[in-house]
Every structure is written in C-alpha cells, then in structure tokens.
Amino acid sequence: VMIPSILHKAVLVAGGATAIFIGGSILVSPDAFYAAYGISLPGDVSLANELRAMGGGVLMLGLLILSGLMISSLTLASTLLAAAMFLAYGASRFLSLGLDGQPDAGLVTAMMAEIVIGLASLAALIAARRPA
C-alpha cells in the first residue's frame, strides 16, 4: 500500500483533473473543443462518434487517476497510468511535429503540459519507491 506525499497527491490531482476536463469537454462538445485549437470538424457523424469515444476514454482515465488519492491500494497503478497516458500523448505530439509540421500553438502548449505531467508522475513513482 502506497501512502502518497503531498507532491504525489498534487501530481494525481493535476493529471486526473486535466484528463477529466479534456475528456469531458471532448465528450460533451467535440466541435467547440477542437475549434479552440483552430480545428474545424466537417460535420461527419462517424468522426464525431470516434472523437466522443476517445473523450469518454480520457475522462475515465482521469477518474482512475484520481482514484489513487482515495484508495491507497490504487495509488501506484493510478500514478503509473498518469505517467503512461500523458507521456504517450506528449511523445505522440512530438513525433507529429517532426512528421507533420507545426500545429496550432495551443496543441504545442498541450504537448508541453502532457510531457510535464507525465514526467512529474514518473518522478512521483521514483520518489515513492521504498529502499530494498
């Protein structure tokens, strides 16, 4: 059972709240969410369905990340989940910079935030290790 430090709790709150906000925003209104990044959705029902499904998944991951604050037996798993999810999003956006070019500035900011949250989650995992 892992008892999270104040810094560890802050990482879980930041990661969980961010994922819940982003996922919930996409789930409720993908058009408005993506318009904030200069992306105009073409009114394609299948695309809206796909984006809402992804938003729901990110929302659920955010809830699971936050669960590590309330259920100590889930703290390790929720922190690992936060590190994996945010680093995967950030690294994928970084890869896209090289393959596709410069996106909207908001997406670059999102990439940086994802990498910071992912690295902070990884640091919390390392700091929480017990000496062997």
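Here, the structure is the one placed above.
Residues numbered from 1 in each chain as written. Predicted model: local features only at pLDDT ≥ 70, side-chain atom pairs only at ≥ 80, totals over all residues. Heavy atoms only, no water.

Quick notes on helix 4 (residues 75-100)
Link 1 in the chain: Between the first and last C-alpha of helix 4 there are 37 Å, a value that for 26 residues agrees with the 38 Å anticipated at 1.5 Å per step.
Link 2 in the chain: Taken together, the buried positions of helix 4 are occupied by Thr75, Ser78, Thr79, Ala82, Ala83, Met85, Phe86 and Gly90.
Link 3 in the chain: In the core, the buried residues of helix 4 are packed alongside helix 1 (6-28), helix 3 (45-70) and helix 5 (105-128).
Link 4 in the chain: Where helix 4 ends, the next residue or the one after it, Gly101, has phi of about 100°, a positive value. (Helix = DSSP H or I, 4+ residues; strand = E, 2+ residues; numbered from the N terminus. Expected span 1.5 Å × (residues − 1). Buried < 20%, exposed > 50% of the residue type's maximum accessible area, 1.4 Å probe, protein only. Contact = heavy atoms within 4.5 Å.)

So, the packing of aromatic side chains
Link 1 in the chain: Taken as a whole and judged by the stated rule, the model has two aromatic pairs.
Link 2 in the chain: Centre to centre, the rings of Phe33 and Tyr34 are 5.0 Å apart; their planes meet at 85°, and the pair counts as edge-to-face.
Link 3 in the chain: With relative accessibility at 14%, the residue Phe33 sits in the buried group.
Link 4 in the chain: Residue Tyr34 is classed as buried on the basis of its relative accessible area of 13%. (Phe/Tyr/Trp six-rings, centres within 6.5 Å; stacked < 30°, edge-to-face > 60°.)

Details of the nonpolar core
Link 1 in the chain: Listed in full, the eight residues of the largest apolar core are Leu12, Ala19, Val58, Ile65, Ala82, Met85, Phe86 and Ile117.
Link 2 in the chain: Breaking this core down by element, the ones donating at least two residues are helix 1, helix 3 and helix 4.
Link 3 in the chain: It is helix 4 that provides the largest number of residues to this core, a total of three residues.
Link 4 in the chain: Leaving out residues up to four positions away in the same chain, Leu12 has contacts with Ala17, Ile65, Leu66, Gly68, Leu69, Thr75, Ser78 and Thr79. (Core = buried A, V, L, I, M, F, W, Y, C linked by side-chain atoms within 4.5 Å.)

Notes on the packing of helix 4 against helix 5
Link 1 in the chain: Direction vectors running N to C along helix 4 and helix 5 enclose 145°, while the axes themselves pass 7 Å from each other. Note on packing geometry: the crossing formed by helix 4 with helix 5 is left-handed.
Link 2 in the chain: Here the contact of helix 4 with helix 5 is composed, by residue class, of 19 nonpolar, four polar and two charged. (Axes fitted to C-alpha atoms, helices over the stretch in contact; angles between N-to-C directions. Left-handed = near helix turned anticlockwise from the far one by under 90°. Nonpolar A, V, L, I, M, F, W, Y, C, P; charged D, E, K, R; others polar.)

What about the environment of Val108?
Link 1 in the chain: When you line up the elements, Val108 lands in helix 5.
Link 2 in the chain: Sequence spacing of Val108 and Arg93 is 15 residues, and the spatial spacing of their C-alpha atoms is 7.8 Å.

Note that all results are geometric; they support no functional claim without further evidence.
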